Amino acid sequence: MQIAKNTVVTVDYKLSDAQGELIEEGREPMVYLHGGYENTLPKIEETLEGKTIGFEETIQVEPQDAFGDYDPDLVKIEPRHRLPTPLEVGMQFEGSPETPDDDEMPTIFTVTDIADDKVVLDGNHPLAGMALRFTLKVTGVREATEEEIAHGHVHGAHGHHHEDDDDAEGDHFRSHPIH
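Enquirer: Could you give an account of the overall build of the chain, naming the residues involved and the relevant values?
Expert: A count of helical and extended segments in the chain gives 2 helices and 10 strands. In the chain, the order of α-helices and β-strands from amino to carboxyl end is β-β-β-α-β-β-β-β-β-β-α-β.

Enquirer: Would you mind going over the pattern of salt bridges in detail, with residue names and values included?
Expert: One pass over the full model with this rule turns up 4 salt bridges. A single salt-bridge network, built from bridges that share partners, covers Lys76, Glu78 and Arg82.

Enquirer: Requested: an account of the environment of Val8, with residues and values cited.
Expert: As for its position among the elements, Val8 is in strand 1 (residues 7–17). The spacing of Val8 and Glu143 is 135 residues in sequence and 6.0 Å in space, taken between C-alpha atoms. Beyond its immediate stretch of four places on either side in the chain, Val8 contacts Val31, Tyr32, Leu33, Gly140, Val141, Arg142, Ala144, Glu148 and Val154.

Enquirer: Explain the nonpolar core to me, using residue names and the numbers behind them.
Expert: Formed by 20 residues in total, the largest nonpolar core has its most connected members in Val9, Val11, Ile44, Leu48, Phe134, Leu136 and Val138. Going through the elements one at a time, strand 1, strand 3 (30–33), helix 1 (42–48), strand 4 (56–61) and strand 9 (132–143) are the ones with two or more residues in this core. A total of 5 residues in this core trace back to one element, the largest contributor, which is strand 9. If we ignore the near neighbours within four places in the chain, the residues touching Leu136 are Val11, Asp12, Tyr13, Ile44, Leu48, Phe55, Glu56, Glu57 and Ile59. Core analysis: the next-biggest nonpolar cluster, separate from the first, contains 8 residues, Leu83, Leu87, Phe93 and Val119 among them.

Enquirer: Could you give me a rundown of the pairing of strand 5 (residues 75–79), with the residues and numbers involved?
Expert: Of the two faces of strand 5, only one is covered, namely that formed by Lys76 and Glu78; the face formed by Val75, Ile77 and Pro79 stays uncovered. Two elements, strand 5 and strand 8 (residues 118–122), share 5 bridges in a ladder whose sense is antiparallel. Directly across from Glu78, in strand 8, lies its bridge partner Val119.

Enquirer: Let's hear about the packing of aromatic side chains: which residues, and what values?
Expert: By the definition in use, this model includes 0 aromatic pairs. For Lys51, the ring lying beneath its charged end belongs to Phe55, and the centroid distance is 5.2 Å.

Enquirer: Can you tell me about the confidence of the model for the chain, naming the residues and giving the values?
Expert: Averaged over the chain, the pLDDT score is 85; the fraction of residues at 70 or greater is 82%. Note that pLDDT drops below 50 for residues 160–179; the model gives that stretch 33 contacts with residues more than four away or on any other chain.

Enquirer: Let's hear about the side chain of His153: which residues, and what values?
Expert: Along the polypeptide, His153 turns up in the loop between helix 2 (146–151) and strand 10 (174–176). For His153, a relative accessible area of 17% gives the class buried. One polar contact links the side chain of His153 to the main-chain carbonyl oxygen of His151, over a distance of 3.2 Å.

Enquirer: Which residues make up the environment of Val75, and what are the values?
Expert: Among the secondary structure elements, Val75 is positioned in strand 5. For Val75, a relative accessible area of 32% corresponds to the partly exposed category. Taking the C-alpha atoms as reference, Val75 lies 9.9 Å from Val111; in sequence the two are 36 residues apart. Apart from the residues within four sequence positions on either side, Val75 is in contact with Tyr70, Val120, Leu121, Asp122 and Asn124.

Reading the values: the criteria
- Residues numbered from 1 in each chain as written.
- Predicted model: local features only at pLDDT ≥ 70, side-chain atom pairs only at ≥ 80, totals over all residues.
- Heavy atoms only, no water.
- Helix = DSSP H or I, 4+ residues; strand = E, 2+ residues; numbered from the N terminus.
- Salt bridge = Lys/Arg side-chain N within 4 Å of Asp/Glu carboxyl O.
- Contact = heavy atoms within 4.5 Å.
- Core = buried A, V, L, I, M, F, W, Y, C linked by side-chain atoms within 4.5 Å.
- Buried < 20%, exposed > 50% of the residue type's maximum accessible area, 1.4 Å probe, protein only.
- Pairing = 2+ DSSP bridges.
- Phe/Tyr/Trp six-rings, centres within 6.5 Å; stacked < 30°, edge-to-face > 60°.
- Lys NZ or Arg CZ within 6 Å of the ring centre and 35° of its normal.
- pLDDT = per-residue confidence, 0-100.
- Polar contact = N/O pair within 3.5 Å; in protein donor to acceptor, adjacent residues only side chain to side chain.

Right, here's the structure in full:
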């Protein structure tokens, strides 16, 4: 079966920087719904369109086609008392934008420095500003279910589980697991 819109694609991958330094080797394969559902980078979908199981390729994705350029305006300093304890460098929190806008999504901030009564939070994606190399190997392709198409993502193994969703309202910052 060829990869096309509304197929579920399983891909083993390695992610490196432009110099070939390994950033991540997927312990679990990436499983996504193909066809513009924003479940993976558009350049990955473009590369895999029409391919079949066994296809292998290494592609380079520039920052503008990956996680964007690094934006120094997304770095902010917060009073230590506004964040939970214990607090460690690398922890991530969801924060509201500086100027609330109904159309703007909350930002994930990573703690990059802790000093006495201040904490430095960086809202840039950790890979922002980097050219990335993806080594991809297609290991599975199947038709998506009607439910997956309706929801715009894969369900089941390595996919999304609705019963695990946490819709709880929280404080200004909400903690996220570190990968």
